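Summary of structural features
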Amino acid sequence: MQFHDGLSEKLFREIPDSIPAKNRVLLNVGQFNVGQSYVTAKVENRHGDTVNINIEGGRLGIDLQETLFRLADILPAHAYIVTTVNETGKKLVRKVPVLGVKDWLLIYEDDLFLLAVKDAYDEIEIMIVY
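Presented here is an overview of the structure given in this document.

**Quick look at the side chain of Asn45**
Examined against the element boundaries, Asn45 turns out to sit in the loop between strand S3 (38-44) and strand S4 (50-56). In this structure the side chain of Asn45 is engaged in a polar contact, spanning 2.8 Å, whose partner is the side chain of Thr67. When sequence neighbours within four positions are dropped, the list of residues in contact with Asn45 reads Val51, Thr67 and Leu68.

**As for the pairing of S3**
Pairing of strand S2 (residues 33-34) with S3, which is carried by two bridges, proceeds in the antiparallel orientation. If you follow Asn33 over to S3, its bridge partner there is Thr40. Taken together, S2 and the strand that follows it, S3, pair antiparallel across an intervening segment of three residues. With seven bridges joining them, S3 and S4 adopt antiparallel strand pairing. Counterpart to Val43 in the pairing with S4 is Val51. Counted between consecutive antiparallel strands, the loop separating S3 from S4 contains five residues, among which Gly48 sits at a positive phi close to 85°.

**Section: the nonpolar core**
Judged by nonpolar contacts, the single largest core of 31 residues is most densely connected at Ile55, Ile62, Leu105 and Ile126. At four residues, the largest contribution of residues to this core is made by helix H2 (residues 110-117). Other than its neighbours up to four places away in sequence, Ile62 contacts Ala79, Ile81, Val96, Pro97, Val98, Leu99, Gly100, Leu105, Leu106, Ile107, Tyr108 and Ile126. Counting residues in hydrophobic clusters, the runner-up holds eight residues, among them Tyr80, Val93, Met127 and Val129.

**Observations regarding the environment of Leu26**
Summarising the element assignment, Leu26 is placed in strand S1 (residues 24-28). Sequence separation of Leu26 and Leu68 is 42 residues, and the distance between their C-alpha atoms is 9.5 Å. Once residues within four sequence positions are removed from consideration, Leu26 is found in contact with Glu123, Ile124 and Glu125.

**Topic: the pattern of salt bridges**
Under the counting rule described, the total for this entry stands at six salt bridges. A salt bridge links Asp5 to Arg94; its shortest N-O distance comes to 2.6 Å. One end of the pair, Asp5, is in the segment before helix H1 (6-14); the other, Arg94, is in strand S7 (residues 91-102), with 89 residues separating them in the sequence. Take Arg94: its relative accessible area is 4%, and that puts it in the buried class. Note that Arg24 and Glu125 form a salt bridge whose closest N and O atoms lie 3.2 Å from each other. Here Glu125 lies in strand S9 (residues 123-129) and Arg24 lies in strand S1, a separation of 101 residues in the sequence. Glu125 gets classed as partly exposed once you look at its relative accessible area, which sits at 22%. Three or more residues are tied together by salt bridges with common partners; here these are Asp5, Arg94, Glu109 and Asp111.

Calculation rules
Residues numbered from 1 in each chain as written. Predicted model: local features only at pLDDT ≥ 70, side-chain atom pairs only at ≥ 80, totals over all residues. Heavy atoms only, no water. Helix = DSSP H or I, 4+ residues; strand = E, 2+ residues; numbered from the N terminus. Polar contact = N/O pair within 3.5 Å; in protein donor to acceptor, adjacent residues only side chain to side chain. Contact = heavy atoms within 4.5 Å. Pairing = 2+ DSSP bridges. Core = buried A, V, L, I, M, F, W, Y, C linked by side-chain atoms within 4.5 Å. Buried < 20%, exposed > 50% of the residue type's maximum accessible area, 1.4 Å probe, protein only. Salt bridge = Lys/Arg side-chain N within 4 Å of Asp/Glu carboxyl O.

Dropping the structure here:
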């Protein structure tokens, strides 16, 4: 397997094998809409409802969207985000702290934002860890 960068390779090896399926979400992103300092996309949750994703650079973290995850009463500590860059086929992996729960899925990470502006990936896998 090839990785987008050294950080992705390190983090991929760090992802626990024991993350239960209920703590994993694979999102198929149709098309990103580019704003001034963010990108948005629409995905479907497990109930068939449309949920918005917002990806922006700057601070590092994620605000989870409740209908995408089966959240316990305890907020997860962090999330691993994995995607494959279309042109290169290389994996991009990031570990971000969970900041809270919102109506939208909000991801704050520079590389994911820059690649989304270029429409460089179609899927995002998010794995939450307590």
